[in-house]
Amino acid sequence: MELPSRYNPQEVEDNWYKFWEEAGFFRIEPDLKKKPFCIVIPPPNVTGILHMGHALNNTIQDILIRYKRMRGFNSLWIPGTDHAGIATQNVVEKSLAQEGAKRQDLGRDKFIERVWQWKEKYGSTIIQQLKKLGSSCDWQRTRFTMDAGLSEAVLEAFIRLYNKGLIYRGNYIINWCPRCQTALSDEEAPHQEVEGSLYYIKYPLSTRHPLDSARGEQAPGTRQFDYIVVATTRPETMLGDTAVAVNPKDKRYKKLIGKTVVLPMVNREIKIIADTMVDIEFGTGAVKVTPAHDPNDYVLGKKHNLEFINVMHPDGRMNENAGKFNGSDRFKCREEVLEELKRLDLLEKAHPHTHAVGHCYRCHTAIEPYLSRQWFVKMQPLAKPAIKAVKEGKIQFFPARWTKIYLNWMENIQDWCISRQIWWGHRLPVYYCQVCSKQANELTVNSEQFTVNCKLSTVNKKGVIVSREKPIRCPACGSTDIYQDGDVLDTWFSSWLWPFSTMGWPNTGNKQQATGNRQQATGNEPRILKPVACGLEPSDLSYFYPTSVLVTAQEIIFFWVARMIMAGLEFMRDIPFRDVYIHGTVRDLTGKKMSKSLGNIIDPLEIINEFGADALRFSIVSITAVGQDIFLSEEKFHLGRNFCNKLWNASRFILMNLEPGEVRVELCQFFEKEKLDIINRWILSRFYSVLRELNQALDSYRFNEAASLLYQFFWHEFCDWYLEIIKPKVNEQHNQIVMYKVLEKFLRLLHPFMPFVTEEIWQKLPHEGESIMIQTWPHIQNNMVDKKLENQIESIFNLIAQIRNMRSELELKPRQRVKVSVYSHEETKKRLLREKSDLVMNLAGLEVLELLTVSKRPNATISAVVEDMDVYLHFSDLVDIAREQLKIREKIAASARLKEEAERRLNSRDFIKRAPRDIVDKEKERKERLGREVKRLERMLNELQ
RNA sequence: GGGCGCUUAGCUCAGUUGGUUUAGAGUGCUUCCUUGACAUGGAAGAGGUCACAGGUUCAAGUCCUGUAGCGCCCACCA
């Protein structure tokens, strides 16, 4: 068979993907004869393009899905995308802007239409890219958070929560993004350190003080309370101040409590109030109170019944309440206010001050705490069961440390602001009756009284109607003057339903729902599910929910993971997944998060084009230690590319040397272990030893370890040793069978990691079945594992390495054959050496391998010690005696030191008494062995003189 | 202000429940090798006080405490 000496992924990957897809290998339906394994994809944004974070995330999921599939599970991976409200709206607005238009020019309906058009055109980009990566999702189940079904789920969830009293509307200070012009949740406004200034501003007192308010006339300090100084980082908000607050215990200001000051520039008279919330230590101990622009001040405002004055437009410009600053942008206004204060001599001082300011997670604009009417979800009742589920271990985090972080967040959870003032998203199922709104207060309507058009609806006393569909008339007053709330829901309000909305919730489709004893999808041997009720087809939900594992990044634990747990428990009465595997963040070499805006991305598609998807997958998984961030550079992908190539060439060697008759598949099923020679037994033993470790690694999400096991075994044991050893006798039947068998099985193990190249090679090998991806995972054959044999072979390898080392030191040419004499102090080793002398000769480049019957140094040799073997290399030209002696002396010293250490330990009573028996025994053996070694080396040294 | 992670070879990083000949890998470096699997390769080699200081233990890279440096997350001190 002719194969190129270099593996070319571009030629094969797309073809195999198409083959798998067309063959329907990704299609999964509930099947009671099989145990389910299910993952729902963290839906990428429709606007998304594949970045390394996705590559890592989806490679891990695909490894799990393919692994479990081969282990006999009904292994389903549900894909989909997220409508990503703000992000998508931004993208479409940008393209509008290029046409010189704004969304307002189009109007809401036209704009939404435009977004859908955009989605149809570009929304599947990321899906195509996931396919390039090799993801074995069931694409026919692809969902989108704005699909009809998922929108239905959103409605259902909203209405249920509303009827339970867990959704409410209210006026609060929320995070407002002046650029996106929408409210944001706390999670969407992460704090960032900002270098700002703390300004100390004088607020003149308006009391009838004997020395009246001639500002600035007096030298400072002569009149203590001519004015009160407040400290602020946002001077522009002073225009909305409605009080100054001090701590009641603060002696400095005691006398001033209840007095008033004149707010500069605005000339509003505001009270000085007392509240323990004020920190005496900070600033001057007096704080300006702006109830409409600061969360703390809001609390004070409520408590002390202050006025709430909003001084800003939603776009961040000052409004008419700001007087002469009306129209200025908030930051420009800050400068202007400061100028004015300076002019009035009311700015006492300013000093640099770094503080944390929330920033919009979409556009990075500094958020403004802003008073507005929004919708919220009451979170504490939802958090309670979610805390319990994790505490009881029903959901497990990997690595476990995220448990604490999750619990800490859950226990301090704040209500969730879910309304967004954008257009793209799920419209709130909230309607207002104009008439009732006006009359307000008195109306109370019970949900049972609603008209047919208002199933599951409620109306509250403010004329608010929550309904699936627009009510024809108000259930309270009968008015038809009804309009829908303009807001849409937070994108995450649909995402948190994802694990069950993708499976058809709240409808279960046409299928009957089978309930009852569903078995846990943990452990590895798939057990057959008992059909619960005869003749009932299980629904997706009853069969696949809860899902098995969620694979995601730490950034969205709060956004998404925590909320899914709450939603699952609330709506499904069950956890959404059993395990949560949190992988690291992909960063560049300087530790910065890879992002397009920073320009430090490595494009996975370029890597795929250059090295292949397999190389990308294998590399990225190899360098991902559990829970650690990964620092990426392009060179790191050489690891996978080289491994791919190695696999390719080793397979090429085997394919070129396979005698078709010898490796008929059935022949390989029945070979007898006893008929195999020692090297074949060794490689099989190693294979199954590695398999055992591999299973353990995969079952505990240690993917890097799994990759490393495969790499080390294949490259450094199978290729470097095994293939080199059998090469001269590659035609012999036992070699044929074993090299074929190990390769074929190894390909299966590697398949979840490198699906394409393994399929390509597997198809070229003699095989049964359509595709490697639906083959079974090899079983561990314990009777094949022989640890003793593995050790013995390893010491033969050590001997060969030692001889090579000696040759190298003597600078012998590779072709130069030499004579080596070996004496083994161990009987089985002697036999082994005799049996495998050709092997040693071959691999160490020997002309003669003499097996000594007594341990005595032959003349004109240099010597070495390998375990229990004395090794002598005949080198008649010139033996540098002095150098030989030095080397042996060094070795003696090293061994003697180790021996002493062992002795010291064995002499310690505590060690003998407390250490376990086997450790003590091992130590004794070790001491004795080292003792023998020292003696042998000393003898060698003597013989040299 | 709290919480978490990291510090091991020149570089990038593994090291699961503490157990020992010689602390591993990839990459880089040095020397040698292109006689048909692979130079994206093979052979040999150099290179480590496991951040520092204490402690627990018969035994510590591994557990505990503290210190330093780096990084991340959370938090309404204006």
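Definitions and cut-offs
- Residues numbered from 1 in each chain as written.
- Chains lettered and ligands numbered in written order.
- Predicted model: local features only at pLDDT ≥ 70, side-chain atom pairs only at ≥ 80, totals over all residues.
- Heavy atoms only, no water.
- Helix = DSSP H or I, 4+ residues; strand = E, 2+ residues; numbered from the N terminus.
- Buried < 20%, exposed > 50% of the residue type's maximum accessible area, 1.4 Å probe, protein only.
- Expected span 1.5 Å × (residues − 1).
- Arc of directions from axis to C-beta.
- Contact = heavy atoms within 4.5 Å.
- Axes fitted to C-alpha atoms, helices over the stretch in contact; angles between N-to-C directions.
- Parallel < 35°, antiparallel > 145°, perpendicular 65-115°, else oblique.
- Left-handed = near helix turned anticlockwise from the far one by under 90°.
- 1 Å grid on protein atoms, 1.4 Å probe; cavity = no way out; pocket = protein on both sides within 12 Å on 5 of 7 lines; lining within 4 Å.
- Points joined across faces, edges and corners; volume = space filled by probe spheres on them.
- Nonpolar A, V, L, I, M, F, W, Y, C, P; charged D, E, K, R; others polar.
- Patch = residues over 30% accessible without salt bridge, like charges linked within 9 Å, V, L, I, M, F, W, Y side chains within 5 Å.
- Areas by Shrake-Rupley, 256 points an atom, 1.4 Å probe, with all protein chains shown as cover.
- Salt bridge = Lys/Arg side-chain N within 4 Å of Asp/Glu carboxyl O.
- Lys, Arg positive; Asp, Glu negative; His and termini not counted.
- Charge placed at Lys NZ, Arg CZ, Asp CG, Glu CD.
- Near = heavy atom within 4 Å.
- Polar contact = N/O pair within 3.5 Å; in protein donor to acceptor, adjacent residues only side chain to side chain.
- Pairing = 2+ DSSP bridges.

**Considering the overall build of chain A**
So, step 1. Of the regular secondary structure elements, chain A holds 30 helices and 30 strands.
So, step 2. Classification of the 945 residues of chain A by burial places 55% in the buried group.

**Thoughts on helix α10 (residues 380-391)**
So, step 1. In this model α10 runs 16 Å from its N-terminal to its C-terminal C-alpha over 12 residues, within 8% of the 16 Å that 1.5 Å per residue would give.
So, step 2. Residues of α10 that are buried: L382, A383, A386, I387, A389 and V390. End-on, the buried residues of α10 take up no more than an arc of 160°, which puts them together on one face. Every exposed residue of α10 that faces more than 90 degrees away from the buried side is listed here: Q380, K384, K388 and K391.
So, step 3. Where α10 is buried, its residues contact α7 (148-163), β14 (368-377), β15 (396-398), α11 (401-411) and α16 (557-572).

**A few points about the packing of helix α2 (residues 52-70) against helix α6 (residues 125-133)**
A pair of packed helices can be characterised by two numbers: the angle between their axes and the separation between those axes.
So, step 1. Two elements in contact, α2 and α6, have axes separated by 10 Å at closest approach and are oriented at 60°. As far as their axial angle goes, α6 and α2 are oblique. Remark: the crossing between α2 and α6 carries right-handed chirality. Residues H54, A55, N58 and T59 of α2 lie in contact with α6, whose contacting residues are I126, L130 and L133.

**Concerning empty space enclosed by the protein**
So, step 1. Throughout the structure, instances matching the rule amount to three cavities of 30 Å³ or more.
So, step 2. Computed from the structure, the largest cavity encloses a volume of approximately 100 Å³.
So, step 3. Lining the largest cavity are 18 residues, with A84, G85, I86, Y361 and T491 sitting closest to its centre.
So, step 4. The class makeup of the residues in the lining of the largest cavity is eight nonpolar, five polar and five charged.

**Structural notes on a negative patch on the surface**
So, step 1. A contiguous patch of negative charge, built from E606, E610, E634 and E635, is present on the exposed surface.
So, step 2. Relative to the elements of secondary structure, E606 occurs in helix α17 (residues 604-611).

**Description of unusual backbone geometry**
Glycine aside, the phi torsion of most residues is negative, and most peptide linkages are trans.
So, step 1. For the bond from F398 to P399, the omega torsion is -5°, close enough to zero to count as cis.
So, step 2. Its location among the elements puts P399 in the loop between β15 and α11.
So, step 3. A cis amide bond links W505 with the next residue in sequence, P506, at an omega value of 5°.
So, step 4. By secondary structure assignment, the location of P506 is in the loop between α14 (498-501) and α15 (540-544).

**So, the protein's contact with RNA strand B**
So, step 1. The full set close to RNA strand B counts 61 residues, and K636, W715, L898, R905 and R914 are the nearest of them.
So, step 2. Considering RNA strand B, the proportion of its atoms within 4 Å of the protein that are sugar or phosphate atoms stands at 64%.
So, step 3. One of the side-chain N or O atoms of N642 is found 3.2 Å from a phosphate oxygen in RNA strand B.
So, step 4. Here the surface near RNA strand B gets 10 residues from one element, more than from any other, and that element is helix α19 (residues 638-657).

**Looking at the pattern of salt bridges**
So, step 1. This model, assessed by the stated rule, comprises 56 salt bridges.
So, step 2. In this structure, the salt-bridge partner of R468 is E152, at a minimum N-O distance of 3.2 Å. One end of the pair, R468, is in the loop between β20 (464-466) and β21 (482-484); the other, E152, is in helix α7, and 316 residues separate them in sequence.
So, step 3. A relative accessible area of 28% means that E152 is categorised as partly exposed.
So, step 4. One network of salt bridges, in which partners are shared, links R27, E29, D138, R141 and D540.

**A short note on the sheet that holds strand β29 (residues 861-866)**
So, step 1. The four strands are arranged β28-β27-β30-β29 in an open sheet whose pairing can be described as mixed. Single-partner strands in this sheet number two, and they are β28 (846-851) and β29. Averaged over all neighbouring strand pairs, the angle between strand axes comes to 20°, with direction disregarded.
So, step 2. Pairing of strand β27 (residues 818-824) with strand β30 (residues 869-874) involves five bridges; the strand directions are antiparallel. What sits directly across from Y823, in β30, is D870.
So, step 3. Across the sheet, helix α26 (residues 827-835) is in contact with β27, β28 and β30; its angle to β27 comes to roughly 155°.

So far we have only geometry, and geometry alone does not tell us how the molecule works.
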